[in-house]
Amino acid sequence: STVTVCVAVRDSFGAQEGGRYCEGGSLHGRSCVDGGECSGGGRCVPSCVAFRVERCQYCLSASDSLNGLAKDYSMQVNWMRLWALNSNQDPPEEDAERGLYTLITNPDNVLSAAGQQKLFIGAVYQLEGTETLQDLASRFRTTVKSILALNPDIDGADDAGAGREVCLAPCSAAA
């Protein structure tokens, strides 16, 4: 999914506007409300950045371990499940070539030699028909709370519909 973040702009004169600035022209970089404020051929554009977020994946840092991630991020899964999700991968070819995926053989040393690795934290499931998050929670023995924790882009149990992809950690509900 894609997350877009827009920020307020404060120019060198101290003026702050609701996330728009002059692009090009003689006032390039200055905050603006509309194009009339951007003289010299500039235009008033939103100051937004779009991030592509890969569902069910986490980028590791040097100090991460599977046990620590399971505890720190309340993923409601244990390190053994994270290891199982990542110990026998068939990664996308372009990511394998860039060294973003390697076989994890030690749960306390999960970083690749390249210094970066993506970790799968669940399985991606696409909602069908009238399925709800509660339906998924029941079907996959997890909780709506766990599903929402793994899918921060979903605002609530009612913010899901047919075709929406969700990250799931099956069998993560307490017995």
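Structural data are supplied above this passage.
Just so you know, these numbers come straight off a predicted model, no measurement behind them. (Residues numbered from 1 in each chain as written. Predicted model: local features only at pLDDT ≥ 70, side-chain atom pairs only at ≥ 80, totals over all residues. Heavy atoms only, no water.)

A.B. asks: Any chance you could break down the overall build of the protein chain for me, citing the residues and the numbers?
C.D. replies: Summing up its helical and strand segments, the protein chain has five helices and ten strands in all. Taking as baseline every contact in the protein chain between residues at least 6 positions apart, the subset at least 24 positions apart corresponds to 49%. When the accessible surface of the protein chain is totalled, it reaches about 10300 Å², and 50% of it is carbon and sulfur. (Helix = DSSP H or I, 4+ residues; strand = E, 2+ residues; numbered from the N terminus. Contact = heavy atoms within 4.5 Å. Areas by Shrake-Rupley, 256 points an atom, 1.4 Å probe, with all protein chains shown as cover.)

A.B. asks: Kindly report on the state of the cysteines, identifying the contributing residues and their values.
C.D. replies: What makes a disulfide is a covalent bond joining the sulfur atoms belonging to two cysteines. Considering all chains together, one arrives at three disulfides under this definition. Here C22 pairs with C38 through a disulfide, and the sulfurs are 2.2 Å apart. Disulfide C22-C38: the torsion about the S-S bond is -80°, which places it as left-handed. Linking C22 in strand β4 (residues 20-23) with C38 in the loop between β4 and β5 (43-46), this pair joins segments that are 16 residues apart in sequence. Comparing C22 with C38 shows no difference in burial state: the two are buried. Across the disulfide, C56 is cross-linked to C167 (sulfur-sulfur distance 2.0 Å). (Disulfide = S-S within 2.5 Å. Buried < 20%, exposed > 50% of the residue type's maximum accessible area, 1.4 Å probe, protein only.)

A.B. asks: Pulling in residues and values, what's your account of the environment of F51?
C.D. replies: Its place among the elements puts F51 in strand β6 (residues 48-52). With a relative accessible area of 44%, F51 lands in the partly exposed category. Sequence separation of F51 and V5 is 46 residues, and the distance between their C-alpha atoms is 8.0 Å.

A.B. asks: Describe the packing of aromatic side chains, naming the residues involved and giving the relevant values.
C.D. replies: By the definition in use, this model includes one aromatic pair. Relative to F140, the ring of Y125 has its centre 5.4 Å away and its plane inclined at 65°; by these criteria the two rings are edge-to-face. On the criterion of sequence distance, the pair formed by Y125 in strand β9 (residues 123-126) and F140 in the loop between α4 (133-139) and α5 (144-150) is long-range, its members being 15 residues apart. Of the residues examined, Y125 reaches a relative accessible area of 13% and is grouped as buried. (Phe/Tyr/Trp six-rings, centres within 6.5 Å; stacked < 30°, edge-to-face > 60°.)

A.B. asks: Could you give me a rundown of the pattern of salt bridges, with the residues and numbers involved?
C.D. replies: Applying the stated criterion across every chain yields a total of four salt bridges. A salt bridge links E23 to R43; its shortest N-O distance comes to 2.7 Å. In this pair, E23 is assigned in strand β4 and R43 in strand β5, connecting sequence segments 20 residues apart. Classification of E23 as partly exposed rests on a relative accessible area of 30%. Two residues, R164 and D153, come together in a salt bridge whose shortest N-O distance is 3.2 Å. Note that R164 is positioned in the loop between α5 and β10 (165-168) and D153 in the loop between α5 and β10, a separation of eleven residues in sequence. Owing to a relative accessible area of 22%, R164 belongs among the partly exposed residues under this scheme. For D153, a relative accessible area of 25% puts it in the partly exposed group. (Salt bridge = Lys/Arg side-chain N within 4 Å of Asp/Glu carboxyl O.)

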